[in-house]
Amino acid sequence: MPFSEDPNKILSKKPVGIILSGGPSSVYDDNSPQISNQLFRLDIPILGICYGMQLLIKVYGGEVGSSKNREYGNAILNHDGLSKLFYNVNNLTKVWMSHGDYLKKKPEGFTVDAITKDNVPAAISSKDKRKYGIQFHPEVTHSKEGDKIIKNFVFKICNAKSIWTAKSFIQNQIKTIKDTVGDSKVICGVSGGVDSTVTVKLLYEAIGDNVIPVFIDNGLLRKDEFEFVKLMFKDRMNMPIKSFNRSKHFLDKLKGITNPERKRKIIGREFIKIFDEISKKYDKLEFLAQGTLYPDIIESVSVNGPSAKIKSHHNVGGLPKKLNLKLIEPMKKLFKDEVREIGRSLNVPEDILMRHPFPGPGLAVRILEDITKQKLKLLKEADSIFIEELHLQGLYDTTWQAFVVLLPVKSVGVMGDKRTYQRAVALRAVSSRDGMTAEWTEFPHEFLKRVSTRIVNEVYGINRVVYDITNKPPGTIEWE
Ligand code: XMP
């Protein structure tokens, strides 16, 4: 919920705990997010992360030292073993620190429970053990035991109960969908990816043939993907889908466009226009279903400004203000691992559930300049070699996502005694749990060597391959 939410609305949800997230501001900034004191006066456990910790320090009378530069990086945390927050966490544990503003003076009654190797206070708690602050980010994959720390807060400090199951989610959603849709029809965009496949399967369980799965080839799909997905639905999901090849239309609209946000907006807008057009052919078609997940929303929407907008994910950012169809997004509160669990309960085959995420704007955001047929062809060929090799070497399933990016760079090379002056590509592969944070994958060198050799030998027009070794944060997974 946004920090500015009416405290009575927050309390009406009967929270058993509150987590104050991090954010880019400093507590002393003029417009920094502040939270109603009403919430601090209650006996509800609070965990403040980074900025949230600084807010706790300020509210409880301590002092925050400000620093102009906010940096992030790996650090080793050393905790004293006394705080419930660190129950079962190694005394020395790797965390992702935010070195921005820092604890200058503890609020009265607070203790420092952990420091980093450089003696920076990294965790504090109040005497009554209801308020906790941490200077690092437990939610990012670089914090090795971050999950444990969050679980400790949720289950050991807030005493929350774990009652979410895929089955209960499915039952509730089926009822909600039936109640919402009645006997109207729903058009659902599918892409062959996990999110839309599980979404359409759930809708199918709820309303049967009243869901119309639509698959549009926007010309920005991976090599052979259009045919693959059509067969996948026909043979393995037993679901008839309507497919349309609109590649030319999309490529025309994208002609000459280089700005990443514009590409995303155009693609989102054109998708919706096509859905609108198709839906007019059906009686009583009133709804559009999308496989939007929670990370798509967080990274696309700016809540009153402070949670900075990262990118417009197409199925959020591209929606027009006035949509003729009503939107259904049953997965919008979920993360990818939960969607996969739901897919398993709905008997979606495992290899489909384990397909790597693929962004709605597709290869458009993997060509770092304007899009042409020729560049798409190069990228598709190189990308298919990388993916094929991952399968062959048994590395596909252990990688969250892997792909090739076509760089706007030409470099000199030599092949068979001849000078070449051709394109460079970057290989990108990361491990992650939800796409929100990610670490670049440490593949065996032999594997990288093989992929690089194959791409340069087999794709005429590419003479150089580099490997992206940037984590998220600070990078994003896609390059645009
Ligand atoms: P970034 O690049 O933001 O990506 O770190 C996080 C995850 O989201 C995927 N992604 C998208 N998915 N529509 C989508 O459905 C989009 O516009 C979009 N942009 C990025 C990305 O591939 C990664 O898995």
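The structure we're discussing is the one just above.
Analysis parameters
- Residues numbered from 1 in each chain as written.
- Predicted model: local features only at pLDDT ≥ 70, side-chain atom pairs only at ≥ 80, totals over all residues.
- Heavy atoms only, no water.
- Disulfide = S-S within 2.5 Å.
- Buried < 20%, exposed > 50% of the residue type's maximum accessible area, 1.4 Å probe, protein only.
- Helix = DSSP H or I, 4+ residues; strand = E, 2+ residues; numbered from the N terminus.
- Pairing = 2+ DSSP bridges.
- Axes fitted to C-alpha atoms, helices over the stretch in contact; angles between N-to-C directions.
- Parallel < 35°, antiparallel > 145°, perpendicular 65-115°, else oblique.
- Contact = heavy atoms within 4.5 Å.
- Nonpolar A, V, L, I, M, F, W, Y, C, P; charged D, E, K, R; others polar.
- Lys, Arg positive; Asp, Glu negative; His and termini not counted.
- Salt bridge = Lys/Arg side-chain N within 4 Å of Asp/Glu carboxyl O.

(A) View of the state of the cysteines. Counting across every chain of the model gives zero disulfides. The thiol of C50 is not disulfide-bonded; the next cysteine sulfur, from C158, is found 19 Å away.

(B) Quick look at the pairing of strand 16 (residues 418-431). Burial analysis of strand 16 places ten of its 14 residues in the buried class, which makes it a mostly covered element. One ladder, built from twelve bridges, connects strand 15 (residues 401-415) with strand 16; its direction is antiparallel. Paired with V405 across the bridge in strand 16 is A426. Between strand 15 and strand 16, which pair antiparallel and follow one another directly, the connecting turn spans two residues, one of which, G416, has a positive phi of 50°.

(C) Geometry of unusual backbone geometry. Of the consecutive residues K472 and P473, the connecting peptide bond is found in the cis state with omega at -15°. Relative to the helices and strands, P473 resides in the segment after strand 18 (462-467). With an omega of 10°, the peptide bond running from P473 to P474 counts as cis. Within the fold, P474 resides in the segment after strand 18. The phi dihedral of N88 is positive, around 65°, even though this residue is not glycine. Turning to its location among the elements, N88 is positioned in the loop between strand 4 (71-79) and strand 5 (92-99). The exposure class assigned to N88 is exposed, which follows from its relative accessible area of 57%. Of note in this structure, D417 is not a glycine but carries a positive phi near 70°. Tracing the chain through its elements places D417 in the loop between strand 15 and strand 16. Accessibility expressed as a relative area gives 79% for D417, which makes it exposed.

(D) Highlighting the packing of helix 5 (residues 166-181) against helix 12 (residues 336-345). Contact geometry of helix 5 with helix 12 gives a least axis separation of 9 Å together with a crossing angle of 80°. As summarised for this structure, helix 5 and helix 12 are arranged roughly perpendicular, according to the angle between their axes. Counting all contacts with helix 5, which are made through A166, F169 and I170, the residues of helix 12 involved are E341, I342 and S345. Tallied by class, residues from the contact of helix 5 with helix 12 come to four nonpolar, one polar and one charged.

(E) Looking closely at the side chain of D276. Tracing the backbone through its elements, the reader meets D276 in helix 9 (residues 260-279). The buried charged residue D276 lacks any salt bridge, with K280 as its nearest oppositely charged partner at 4.6 Å. Dropping the residues within four chain positions of it, D276 is found in contact with N324 and L325.

(F) Here's a closer look at the pattern of salt bridges. Following the criterion strictly, the structure yields 34 salt bridges and no others. Of the charged contacts in the structure, one is a salt bridge between R433 and D147, with a shortest N-O distance of 2.5 Å. Separated by 286 residues along the polypeptide, R433 in the loop between strand 16 and strand 17 (439-440) and D147 in helix 4 (residues 146-157) bring together distant segments of the chain. On the basis of relative accessible area, R433 is assigned to the partly exposed category, the value being 43%. Taking the shortest distance from any N to any O, the salt bridge between R355 and E225 comes out at 3.0 Å. On the criterion of sequence distance, the pair formed by R355 in the loop between helix 13 (350-353) and helix 14 (373-392) and E225 in helix 7 (residues 225-236) is long-range, its members being 130 residues apart. Overall, R355 belongs to the buried group, its relative accessible area being 16%. When its relative accessible area of 12% is taken as the criterion, E225 is described as buried. Beyond isolated ion pairs, a larger network of salt bridges with shared partners links E388, E389, R450, R454 and E458.

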